[in-house]
Amino acid sequence: MLTQTHAQARGLADLPPVVNDSLIALIGMVNADPRPDKIDVGVGVFRDGAGNTPILKVIKEAEQRLRDTQTTKAYLGSAGDKRFTELLRPILLGDHAGDERIVGVQTPGGCGALRLGFELLAAANREARVFIGGPTWPNHPPIVEAVGLTPVEFPYYERGQGAIRFEDMIDALRSGEPGDIALLHGCCHNPTGADLDEGQWRQVRDAVVERGLVPFVDIAYQGFGRGLDEDAYGVRLMLDSCDEVIVAQSCDKNFSVYRDRVGSLWIKTRSAEDSAKAMAHVYKIAREMWSMPPDHGAAAVRIVLDDPQLCERWLVELAGMRDRINSVRQRIAAADPRLTFIGRQFGMFSMLPLSKEQVLKLRSDHAIYMAESGRFNVVGMGDVAIDRFIAAVVAAMDS
Ligand SMILES: Cc1ncc(COP(=O)(O)O)c(C=O)c1O
């Protein structure tokens, strides 16, 4: 029987070609460009004044301690490092840290948390629609679709004005039905650079509560905007007001451990019992996907957070990254009146007022790589490249 094959059998060769996630495709293009002075402002990693993404000193030290003291690499289980999530609680949740209705689990990065959170929501309600402001990250809609939910994109950003289409956002959320999901960007997370201010967060909260939506906050840059507490405003506001909240969190950026895949998923339900039940589903889903999250990065972050001195030094290193982001923003904003909006934004991302053709010309003529939408990482380049970048962008806007 084993040798019998079906005449119509389909194999791997029958797979359709894949259209790459545009961000992954961009990384490939940068790598393939041999020009030594290329500027990669496409990928979302912090670069320092020298143009490097160094390992934080506190992470180096924590890794050394881990190396010296770790006695086993036996499995930890689907929950991962429980002390890691425990230490993250107050940083992310603030005054909500003691709320037993909020449960967290370690995940492979923020993207793992996104997938896990949406899998959970899909298991609970297949009919839920997911409201997403566009433009968003290229992986958001596919993750939603992959779990069988329906993304509903609404316009979030007015390019010409560099402003949020807030009325459109509220109208879209008000069209939601109870149980639908509002995917919200935590601080510094929107690819346009246009974050909600506190007043807008409150209006979004009101719409979410009024329509009985489930807020799902994707927060990967806590500490890159104003500070750890200030940047968690949206997350905590939703926790103040909503019975059910999902949060996908990442330490990959604020601990600069990108490839180590360090993140967490947080769930709030109406009761500690319901949260425990939801978490049992989370473990089951995680077991079906990656079984257990990778340990090394989360263990290093745990060591930092567990040691008051290391933790203090992390805050200093984090402030250093934040200061660089904000100072490069001011430098670009000061270069041309059409770029002043960049100085009013926070975090690594912004969207230049460039057409696709202008973006492609920057690639071909200047080896400057950003997303076709004009989205770029303000700290994607070292200090020496900033003036050349600004000059090329201003010339492109004039062309
Ligand atoms: C939509 C989105 N959310 C969160 C993250 C957080 O990053 P990571 O998965 O590297 O922790 C990313 C990073 O690529 C992302 O694309």
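Because the structure is a prediction, the values reported are computed rather than measured.

Caption draft 1: Structural view of the packing of aromatic side chains. Summed over all chains, the structure comprises six aromatic pairs. Between Y221 and F224, the ring centres sit 5.9 Å apart and the planes meet at 50°, which makes this aromatic pair tilted. An identical accessibility class is assigned to Y221 and F224; each is buried. An aromatic cluster is built from W137, Y221, F224 and F349, whose rings are joined through pairwise contacts.

Caption draft 2: Quick look at unusual backbone geometry. With an omega of 0°, the peptide bond running from G134 to P135 counts as cis. Checked against the element boundaries, P135 lands in the loop between β3 (129-134) and α5 (140-146). With a phi close to 55°, S256 is a non-glycine residue in the positive phi region. The phi torsion at A367 lies on the positive side, around 55°, for a residue other than glycine.

Caption draft 3: The sheet that holds strand β7 (residues 181-185), seen in detail. Ordered by their spatial adjacency, seven strands build an open sheet running β2-β10-β9-β8-β7-β3-β4, and the pairing between neighbours is mixed. Each edge of the sheet is formed by a strand with only one pairing partner; in this case those strands are β2 (102-108) and β4 (150-155). Pairs of neighbouring strands in the sheet enclose a mean axial angle of 20°, with direction left out of account. By the bridge criterion, four bridges tie strand β8 (residues 214-219) to strand β9 (residues 245-250) in an arrangement that is parallel. Its bridge partner lying in β9, F216 is registered against I246. In this fold helix α4 (residues 109-124) packs onto β2, β3, β7, β8, β9 and β10 (262-268), with an angle of close to 160° to the strand it touches most, β9.

Caption draft 4: The arrangement of the nonpolar core in detail. Counting residues in each nonpolar core, the largest one holds 98 residues, and the members touching the most others are V204, W314, I332, M370 and F389. When residues in this core are grouped by element, the largest group, nine residues, is from helix α14 (residues 383-398). V204 has contacts with F166, M169, I170, L173, L184, L196 and M238, leaving out every residue within four places of it along the chain.

Caption draft 5: Local environment of the pairing of β4. Strand direction decides the pairing type here: β3 and β4, joined by six bridges, are parallel. Counted as the bridge partner of I132 is E153 from β4. As a crossover connection, the stretch from β3 through α5 into β4 is right-handed.

Caption draft 6: View of α14. With 16 residues, α14 should cover 22 Å at 1.5 Å per step; its first-to-last C-alpha distance of 24 Å lies within 8% of that length. Buried within α14 we find A385, I386, F389, I390, A392, V393, V394, A396 and M397. Tucked into the core, α14 has its buried residues touching β1 (39-40), α12 (308-333), α13 (356-366), β12 (368-369) and β13 (375-377).

Caption draft 7: Focus on the site of the ligand. Around the ligand sit 14 residues in total, of which G110, D218, S250, D252 and R261 are the nearest. Backbone polar atom of G110 to an oxygen atom of the ligand: 2.7 Å apart, as the coordinates give it. One of the side-chain nitrogen or oxygen atoms of S250 is found 2.6 Å away from an oxygen atom of the ligand. Here the shell around the ligand gets four residues from one element, more than from any other, and that element is α4. Residue composition of the shell around the ligand, by class: four nonpolar, six polar and four charged.

Caption draft 8: Spotlight on the pattern of salt bridges. One pass over the full model with this rule turns up 27 salt bridges. Salt-bridge contacts for D307 lead to R65; the nearest nitrogen and oxygen are separated by 2.9 Å. Of the two residues, D307 sits in the loop between α11 (296-306) and α12 while R65 sits in helix α2 (residues 57-69), which places them 242 residues apart along the sequence. Judged by relative accessible area, R65 falls into the partly exposed class, the value being 33%. Ionic contacts of the salt-bridge type, sharing partners, join the residues E61, R65, D307 and R313 into one network.

Rules used throughout
- Residues numbered from 1 in each chain as written.
- Predicted model: local features only at pLDDT ≥ 70, side-chain atom pairs only at ≥ 80, totals over all residues.
- Heavy atoms only, no water.
- Phe/Tyr/Trp six-rings, centres within 6.5 Å; stacked < 30°, edge-to-face > 60°.
- Buried < 20%, exposed > 50% of the residue type's maximum accessible area, 1.4 Å probe, protein only.
- Helix = DSSP H or I, 4+ residues; strand = E, 2+ residues; numbered from the N terminus.
- Pairing = 2+ DSSP bridges.
- Axes fitted to C-alpha atoms, helices over the stretch in contact; angles between N-to-C directions.
- Contact = heavy atoms within 4.5 Å.
- Core = buried A, V, L, I, M, F, W, Y, C linked by side-chain atoms within 4.5 Å.
- Right-handed = clockwise from strand over helix to strand, strands pointing away.
- Expected span 1.5 Å × (residues − 1).
- Near = heavy atom within 4 Å.
- Polar contact = N/O pair within 3.5 Å; in protein donor to acceptor, adjacent residues only side chain to side chain.
- Nonpolar A, V, L, I, M, F, W, Y, C, P; charged D, E, K, R; others polar.
- Salt bridge = Lys/Arg side-chain N within 4 Å of Asp/Glu carboxyl O.

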